[in-house]
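Structure assessment
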Amino acid sequence: MSKNFLKLIITATALGLGAYFLATNLDINAKHIPYLQEIMYATIAVGLYINIVSIDTTIFKSNLDSIFKVIFLGVPLKIILPGFLLAYLSPSVAPIAYLCATVIAQIDPIAAAHSLDYSNISKKSETILRAWSSFDDPITVLFAFYIFRPIILLVDFNFNEYLFRIVRDITTCFIVYFIYKQIYRKYSKKLPIPIKYKIKFKIFLETITIIGIIIYSILSASFLLPAAIGLFIRPFAAEKLTKINSAIFYFSVIILGLLSANLSLDWNSGLILAFSTFFLAQVLVTLLFLKDSTESKTRVMFGHQNGMTAMLLTVAIEVSGSEKTAQLLSVTLPAIICIAIFYFASNYILDILIPSSLT
């Protein structure tokens, strides 16, 4: 177990540093890579879906109360506490402190899903962490685009727009699922073919549905939909998708390395934000809202990671903002790097100390 996790650390570090030195020596600006944002949208949508497919729906349903608490109460707490500490300890970035904290509050589903394959954790805590990392996006988007960004830019807060977006995505999810079920029921009964071919037809229809959802997510910048649909439509077993998720994880590490080059990073502010998020906020939320064994709770306490979703949210805010949010990436990027170091170091130690007997 420890050897596998060590291999993960070494591979991720090598890819990140390699991308950094490549971008530095060749003067590559990752923001100017053609269609980078669309590629990131696609990888996040696929990663979200794979993360949800790995959830046992029975365990998911039996722990809805804990999932709702960590998402609707825990995520705001993870924004407010680090934001306050960052503003207090680093006054130079105080105007954007809560915006920075909002970006970092997201648990990256791709990184979390990939690392859970190497962790000793109960199914209950694994399910909660997977759901947490997949469904915290609407809360962070709310705080980023509809609360803190309008305050910084002195523009009106349009809550109706946010509600419309959420209702639209949820409605679309149910419509897509309803259409899929109607098509399958209609044509599966008419097909005079053996059961095995009907199963293949079902897999084909589900695959087409998922591809359509991912394309819609890319075009609409919606990450709620691929996560939600993963609870209902699962043409492939999660085990068959792990290699895809690994590829996405390593791709996010490379993007992180590329973005780190040719940028003045505020390591002091980033370290404050990373420390308060990883060692204070995540630990506090876990203690308040998760009931499980000490071993599993400890894994969740130190299970926060950032990656593609945090980077994408940062870039989206910068593109849609002004000079007042131009410092954002210089704070959030070192915070992401520090959190990655905290995660690998703490979990490698836990991997040695905690026995692999969890169920």
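Residues numbered from 1 in each chain as written. Predicted model: local features only at pLDDT ≥ 70, side-chain atom pairs only at ≥ 80, totals over all residues. Heavy atoms only, no water.

Notes on the overall build of the protein chain
- Along its length, the protein chain carries 16 helices and zero strands.
- Its C-alpha atoms give the protein chain a radius of gyration of 20 Å, near enough to 21 Å, the size a compact globule of 359 residues would have.
- Its C-alpha atoms give the protein chain principal-axis dimensions of roughly 70 × 50 × 45 Å.
- A total of 359 residues make up the protein chain; the buried ones form 54% of that total.
- Considering only contacts within the protein chain whose residues lie at least 6 apart along the sequence, 85% involve residues at least 24 apart.
- Carbon and sulfur atoms make up 68% of the accessible area of the protein chain, which totals about 16500 Å².
- For the protein chain, the separation between the mean place of its 28 positive charges and that of its 20 negative charges on side chains is 13 Å. (Helix = DSSP H or I, 4+ residues; strand = E, 2+ residues; numbered from the N terminus. Rg over C-alpha atoms; globule rule 2.2 N^0.38 Å. Buried < 20%, exposed > 50% of the residue type's maximum accessible area, 1.4 Å probe, protein only. Contact = heavy atoms within 4.5 Å. Areas by Shrake-Rupley, 256 points an atom, 1.4 Å probe, with all protein chains shown as cover. Lys, Arg positive; Asp, Glu negative; His and termini not counted. Charge placed at Lys NZ, Arg CZ, Asp CG, Glu CD.)

Side note on the pattern of salt bridges
- Applying the stated criterion to the full structure yields four salt bridges.
- In this structure, Arg130 engages Glu126 in a salt bridge whose closest nitrogen and oxygen atoms are separated by 3.0 Å. With Arg130 and Glu126 both in helix 7 (residues 123–135) and four residues apart, this pair spans about one turn of that helix. Comparing Arg130 with Glu126, the two get one shared label, buried.
- Close ionic contact of Lys202 with Glu206 constitutes a salt bridge, the shortest N to O distance being 2.8 Å. On the criterion of helical spacing, the pair formed by Lys202 and Glu206 is a turn pair, its members being four residues apart in helix 10 (residues 195–220).
- Using a relative accessible area of 30% as the deciding quantity, one classes Lys202 as partly exposed.
- Salt bridges here are not isolated pairs; linked through shared partners, they connect Lys123, Glu126 and Arg130. (Salt bridge = Lys/Arg side-chain N within 4 Å of Asp/Glu carboxyl O.)

Some points on the environment of Leu205
- With respect to the secondary-structure elements, Leu205 resides in helix 10.
- Taking relative accessible area as the criterion, Leu205 reaches 11% and is therefore assigned buried.
- Once the C-alpha coordinates of Leu205 and Val300 are considered, the two residues, 95 residues apart in sequence, prove to be 36 Å apart.
- Apart from residues no more than four positions distant in its own chain, Leu205 is found in contact with Tyr180, Ile183 and Tyr184.

Quick notes on the packing of helix 7 against helix 14 (residues 294–301)
- Taken N-terminus to C-terminus, the directions of helix 7 and helix 14 make an angle of 20 degrees; their axes are 10 Å apart at the nearest point. As judged from the angle between their axes, helix 7 and helix 14 are roughly parallel. Once helix 7 is placed against helix 14, the crossing between them reads as right-handed. Residues Ser125, Leu129 and Trp132 of helix 7 touch helix 14, and the partners they reach there are Ser296, Lys297 and Val300. (Axes fitted to C-alpha atoms, helices over the stretch in contact; angles between N-to-C directions. Parallel < 35°, antiparallel > 145°, perpendicular 65-115°, else oblique. Left-handed = near helix turned anticlockwise from the far one by under 90°.)

Points about unusual backbone geometry
- If you check the backbone angles, Asp27 has positive phi at about 55 degrees while not being a glycine.
- Tracing the sequence through the fold places Asp27 in the loop between helix 1 (2–26) and helix 2 (36–53).
- Residue Asp27 is classed as exposed on the basis of its relative accessible area of 58%.

What about the packing of aromatic side chains?
- Scanning the model with the defined rule gives 17 aromatic pairs in all.
- The interplanar angle of 45 degrees and the centroid separation of 5.9 Å between the aromatic rings of Phe278 and Phe342 together place this pair among those described as tilted. With Phe278 in helix 13 (residues 267–289) and Phe342 in helix 16 (residues 328–353), the pair connects residues that are 64 residues apart, well separated along the chain. Here Phe278 matches Phe342 in class, with each residue buried.
- Pairwise contacts between aromatic rings join Phe275, Phe278, Phe279, Phe302 and Phe342 into one cluster. (Phe/Tyr/Trp six-rings, centres within 6.5 Å; stacked < 30°, edge-to-face > 60°.)

Notes on the nonpolar core
- Counting 96 residues, the largest nonpolar core has Leu86, Trp132, Phe135, Phe249, Leu273 and Met311 as its most contacted members.
- For this core, the element with the highest residue contribution is helix 16, accounting for 13 residues.
- Those residues in contact with Leu273 that lie beyond four places of it in its chain are Pro82, Leu86, Cys100, Ala101, Ile104, Val331 and Ala335.
- The next biggest cluster of nonpolar side chains, apart from the first, holds 16 residues, and it includes Ala45, Ile50, Leu205 and Ala238. (Core = buried A, V, L, I, M, F, W, Y, C linked by side-chain atoms within 4.5 Å.)

Re helix 8 (residues 137–153)
- When the local axis directions of helix 8 are compared, the greatest deviation, roughly 30 degrees, occurs at Ala144.
- Among the 17 residues that make up helix 8, 14 are buried, leaving the element largely enclosed by the rest of the structure. (Bend = angle between axes of the 7 residues up to and from the residue.)

Regarding the packing of helix 5 (residues 97–105) against helix 8
- In contact at an axis separation of 9 Å, helix 5 and helix 8 are set at 170 degrees when each is read in the N-to-C sense. The angle between helix 5 and helix 8 places the two elements in the roughly antiparallel class. Judged by the sense of rotation from one axis to the other, the crossing of helix 5 with helix 8 is left-handed. On helix 8, the residues that touch Tyr98, Leu99, Thr102 and Ala105 of helix 5 are Thr140, Phe143, Ala144, Phe148, Arg149 and Ile152.
- Across the contact of helix 5 with helix 8, the residue classes tally to seven nonpolar, two polar and one charged. (Nonpolar A, V, L, I, M, F, W, Y, C, P; charged D, E, K, R; others polar.)

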